[in-house]
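One letter stands for each residue in the lines below.
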Amino acid sequence: MSSHKGPAVAQGNRAPTSNRAANTVELAELRPMLEEKVLTLSLQAHHAMEKMEEFVYKVWEGCWRVIPYDVLPDWLKDNDYLLHGHRPPMPSFCACFKSIFCIHVETGNIWTHLLGFKVVFGMFFLGAVLCLSFSWLFHTVCCHLEKVSWTFSKLDYSGITLLIMGSFVPWLYYSFYCSPQPRLIYLSIICVLGISATIMAQWDRFAMPKHRQIRAGVFLGLSLSGVVPTMHFMITEGFAKATIVGQMGWFFLMAVMYITGAGLYAAHIPERFFPGKFDIWFQSHQTFHVLVVAATFLHFYGVSNVQEFRYGLEGGCTDDSLLLAAPKGAGGTSQMLLK
Ligand SMILES: [Zn+2]
């Protein structure tokens, strides 16, 4: 515990009176210097704080300053009620992308759709990845032990319900893009139905071979719940818009694929007509698998088109007649479809 200071202090206490007086004079002379030093240090600290604040501010603003509406070039002037907080013309795409993380008039517009896109399509991709992964895993390990087979069959069926639910989310989100209330209702219903079917898939009897028809019925019922929003869209928007904007043709083809696959699976077609002839290839389950993959791709294609149509418009809810009259700003696909 000893230190260098200990002996020095002890020595100071033993020093003669003349020495103490000299030390007092020296200290009195040093005081202004010390005070000046302290002042300089506090000024430096203050300056450093200011620099730090400036640095944080610059990072926050992405090293450029937002500018008022009046000084924007004409081609960047869009809404003269937004007076300040505009980005100046950016020198590169890179700078534009960096500005995603800065605060300006477009920040909210960027993030609402960036997150919307990720979450909405994320549900679809998650459903597809889980469904296809659980499926191949089940078919691989089902020959191991009875317990393993039961467990993975439950995962396999859960994957199917999650894919159906995940497929509905972006489709409903972009189809009812301009009708938030029905969109919320349909999204809530499909989530409740999908989660209920997933819970049902955990039931031991659900996976039994003799309940094949019940399984097919649950998957089919879940998919066919899409008929209600489809009819709603067709009645409110009309057949033409349902075909062009809603991409109903593709979704109809997708539904045909799923229903055909589920029907063949439930009825054991074609092997029931030619027992022993389809033991390895072309049995009903394989056809069902292939149709599920094809329908998933088709669904993705259809939803991407609906999404492109929505994002290609000013706010996504422009009237069709305006669109036909002035296709400026419309997405490539929508323009092409409307021609
Ligand atoms: Zn399977």
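Thresholds applied
Residues numbered from 1 in each chain as written. Predicted model: local features only at pLDDT ≥ 70, side-chain atom pairs only at ≥ 80, totals over all residues. UniProt positions renumbered as here; feature names shortened; annotations may be inferred. Helix = DSSP H or I, 4+ residues; strand = E, 2+ residues; numbered from the N terminus. Buried ≥ 20, exposed ≤ 12 C-beta atoms within 10 Å, placed from the backbone. Contact = placed C-beta atoms within 7 Å. Axes fitted to C-alpha atoms, helices over the stretch in contact; angles between N-to-C directions. Parallel < 35°, antiparallel > 145°, perpendicular 65-115°, else oblique. Left-handed = near helix turned anticlockwise from the far one by under 90°. Nonpolar A, V, L, I, M, F, W, Y, C, P; charged D, E, K, R; others polar. Core = buried A, V, L, I, M, F, W, Y, C linked by C-beta atoms within 7 Å.

The name given to the protein in an unreviewed UniProt entry is Adiponectin receptor 1, with Moschus moschiferus as the source organism. Listed under Sequence similarities (unreviewed entry) in UniProt, the entry text for the protein is "Belongs to the ADIPOR family." Taken from UniProt, the Subcellular location (unreviewed entry) comment for the protein reads in full: "Membrane".

Draft legend 1. Representation of the overall build of the protein in the model. Of regular secondary structure, the protein possesses 13 helices and 0 strands. Counting the 339 residues in the protein, one finds 23% classified as buried. Within the protein, residue pairs in contact and separated by at least 24 positions form 59% of the contacts whose partners lie at least 6 positions apart.

Draft legend 2. Expanded view of the packing of helix H4 (residues 107-141) against helix H5 (residues 146-175). Between H4 and H5, the least distance of the axes is 7 Å, while the angle of their chain directions is 160 degrees. Accordingly, the angle class assigned to the pair H4 and H5 is roughly antiparallel. Between H4 and H5 the crossing geometry is left-handed. Considering only residue class, the contact of H4 with H5 consists of 22 nonpolar, 7 polar and 1 charged.

Draft legend 3. Up close: the UniProt feature "transmembrane region" (unreviewed entry) in the protein. Following the UniProt record, one finds the feature "transmembrane region" (unreviewed entry) at residues 119-137, 157-177, 184-203, 215-236, 248-267 and 287-303. The span residues 119-137 is 100% helical and 0% strand by assignment, and the distance between its end C-alpha atoms comes to 26 Å.

Draft legend 4. How the structure looks around the nonpolar core. Core analysis: the biggest nonpolar cluster contains 45 residues, and Ile 164, Phe 168, Val 169 and Leu 172 have the highest contact counts within it. Taken together, the elements giving at least two residues each to this core come down to H4, H5, helix H6 (180-200), helix H7 (212-224), helix H9 (239-244), helix H10 (248-267) and helix H11 (284-312). Sort the elements by how many residues they give to this core and H5 lands first, with 12 residues.

Draft legend 5. Looking closely at the environment of Ile 160. You can see Ile 160 is positioned in helix H5. Once the C-alpha coordinates of Ile 160 and Gly 194 are considered, the two residues, 34 residues apart in sequence, prove to be 9.7 Å apart. Once residues within four sequence positions are removed from consideration, Ile 160 is found in contact with Cys 131 and Phe 219.

Draft legend 6. A look at the UniProt feature "binding site: Zn(2+)" (unreviewed entry) in the protein. Under the local residue numbering, the UniProt record ascribes the feature "binding site: Zn(2+)" (unreviewed entry) to His 139, His 285 and His 289. Across 151 residues, the annotated set stays spatially compact, with a maximum C-alpha separation of 11.4 Å. Its location among the elements puts His 139 in helix H4. Given 14 C-beta atoms within a 10 Å radius, His 139 is considered partly exposed. With respect to the helices and strands, the residue His 285 is situated in helix H11.

Draft legend 7. Fine view of the environment of Val 227. Its location among the elements puts Val 227 in helix H8 (residues 227-237). Since 10 C-beta atoms lie within 10 Å of it, Val 227 is described here as exposed. For the pair Val 227 and Ala 255, spaced 28 residues apart in sequence, the C-alpha to C-alpha distance is 9.9 Å.

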